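A look at the structure
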Amino acid sequence: MDRRSVIRVVGGALVAAVALPKMAWAAWSKSAMDANESTAAMNELFGMSDVTTSAEVKLKAPEIAENGAVVPLEVRTDMDAEQIAIFVDKNPSPLVMTATMGAGTAGLVKTRVRMGETSNVVAVVKSGGKLYSANQEVKVTIGGCGG
Amino acid sequence: MAKKTIRGKAKAKNGMVDVKLLMKHPMETGLRKDKDGNPIKAHFIQTVTATADGNTVFTAEFNTSVSKDPYLAFSYAGEKGGALNIAWADNMGDSDAADIKVK
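First, a word on what this report is: a plain description of the structure on this page. A quick note: this is a predicted structure, and the numbers were derived from the prediction, not measured.

Attention now moves to the sheet that holds strand β2 (residues 57–60) of chain A. Ordered by their spatial adjacency, 6 strands build an open sheet running β2(A)-β4(A)-β7(A)-β5(B)-β2(B)-β1(B), and the pairing between neighbours is antiparallel. Each of the sheet's edge strands pairs with one partner strand only, and the pair in question is β2 of chain A together with β1 (6–13) of chain B. Each neighbouring strand pair of the sheet contributes to a mean axis angle of 15 degrees, computed without reference to strand direction. Here strand β7 (residues 107–113) of chain A runs beside strand β5 (residues 71–77) of chain B; their pairing, made up of 2 bridges, is antiparallel. Bridging from a neighbouring strand, Thr111(A) pairs with Leu72(B) of β5(B).

Put into structure tokens, the structure is as follows:
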């Protein structure tokens, strides 16, 4: 091994060592996040889009959001939730966020989202390998996506 | 990012820990333009991970449509005095982590 290739090997190992911790982060569902339609995003995220509307899923959202840049949402369920996802149908990318629950973690997510215009908001809970949802229309006075 | 970006509270009650988080982040959508009409690049938190006593109890993936300075609340099974660590990572390779005392 000449000097040059030693540098290459050592350098490569260094890059790999630095890059590794970053790899642990890479759990972002790009294809689902980039989907421009709710059903497509659901298929990408869950591998299915068979959703049953359920009273067990509780979505708390304002009826009218004056400021589309900050719309408070709350999803709650007493089911044994593995995953909770929030979709805003009319946003350019409908999938707003998804949360994965560990063992013993409650079926609860609260956050604030942006809405471009008046739209249906859908909360989807994955429990026992099936999807359950609740939805509500939120009227938006001022959009929060563009500038 | 040297500044503290994660503010949070964790309160134990009846075997569950209620967590409330605020993360300081611009959450640029990539759809906005600056005053010269040039698009502003998307810059947003993609993942948030909560680890309690060594177990991942909650992970969230955000899209650009989560509001600026994201708020996140959830609840996991735990007790007072436990160790809770919150970490986020964004699409530009920035990240931050903080330990929060469970009260």
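That shown, we press on.
Right, let's get into the packing of aromatic side chains. Residue and element names in this part refer to chain B. Under the defined criterion, the tally for this structure stands at 2 aromatic pairs over all chains. Ring centres 4.1 Å apart and planes at 5 degrees place the aromatic pair Phe-58 and Phe-74 in the stacked group. Separated by 16 residues along the polypeptide, Phe-58 in strand β4 (residues 55–62) and Phe-74 in strand β5 bring together distant segments of the chain. Since its relative accessible area comes to 1%, Phe-58 is described here as buried.

Further remarks concern the environment of Lys101(B). Checked against the element boundaries, Lys101(B) lands in strand β7 (residues 95–101). As a C-alpha pair, Lys101(B) and Gly30(B) span 71 residues in sequence and 35 Å in three-dimensional space.

Here we take up the interface of chain A and chain B. Many authors give the size of an interface as the accessible area that is lost as the parts come together. With 33 residues of chain A in contact, the opposing surface of chain B contributes 35 residues. Roughly 2700 Å² of surface becomes buried between chain A and chain B when both sides are summed, with 53% attributable to carbon and sulfur atoms. For the pair chain A and chain B, the number of links is 0 salt bridges. At the boundary of chain A and chain B, one finds 20 residue pairs in polar contact (both at pLDDT 80 or more). Elements with a minimum of two residues in the side of chain A that touches chain B: β6 (95–101) and β7 of chain A. No other element matches the 7 residues that β6(A) contributes to the side of chain A that touches chain B. Taken together, the residues of the side of chain A that touches chain B sort by class into 18 nonpolar, 11 polar and 4 charged.

Conventions and cut-offs
- For every chain, the first residue of the written sequence is number 1, and numbering continues from 1 onward in sequence order.
- Working convention: letters from A go to chains and numbers from 1 go to ligands, in the order in which they are written.
- Since the coordinates come from a predicted model, pLDDT governs what is reported: local features require at least 70, and pairs of side-chain atoms require 80 or more to be given and counted, while whole-chain, interface and lining totals use all residues.
- As a rule here, side-chain values come from all non-hydrogen atoms in the structure, and water together with hydrogens is ignored.
- Any two strands with at least two DSSP-identified bridges between them are counted as paired.
- The helix and strand labels rest on DSSP assignments: H or I over at least four residues marks a helix, E over at least two residues marks a strand, and numbering proceeds from the N terminus.
- Only C-alpha atoms enter the line fits that serve as axes; for helices the fit covers just the stretch in contact. Angles between N-to-C directions range over 0 to 180 degrees.
- Aromatic pairing here means that ring centres of Phe, Tyr or Trp (its six-membered ring) are within 6.5 Å. Orientation follows from the plane angle: under 30 degrees is stacked, over 60 is edge-to-face, and everything else is tilted.
- Classification of residues uses two cut-offs on accessible area relative to the type maximum, computed with a 1.4 Å probe and protein chains only: under 20% is buried, over 50% is exposed, and between them is partly exposed.
- Residue contacts are defined here by distance: any two heavy atoms, one from each residue, within 4.5 Å place the two residues in contact.
- A simple way to read buried area is as the amount of 1.4 Å-probe accessible surface that goes missing from two parts once joined, with both sides added.
- By definition here, a salt bridge exists when the distance from a side-chain nitrogen of Lys or Arg to a carboxyl oxygen of Asp or Glu is within 4 Å.
- Whenever a nitrogen or oxygen atom comes within 3.5 Å of another N or O atom, the pair is scored as a polar contact, on the condition that within protein one atom can donate a hydrogen and the other can accept it, and that pairs from neighbouring residues in sequence are kept only if both atoms are in side chains.
- Gly is placed with the polar residues, together with every amino acid not listed as nonpolar (Ala, Val, Leu, Ile, Met, Phe, Trp, Tyr, Cys and Pro) or charged (Asp, Glu, Lys and Arg).

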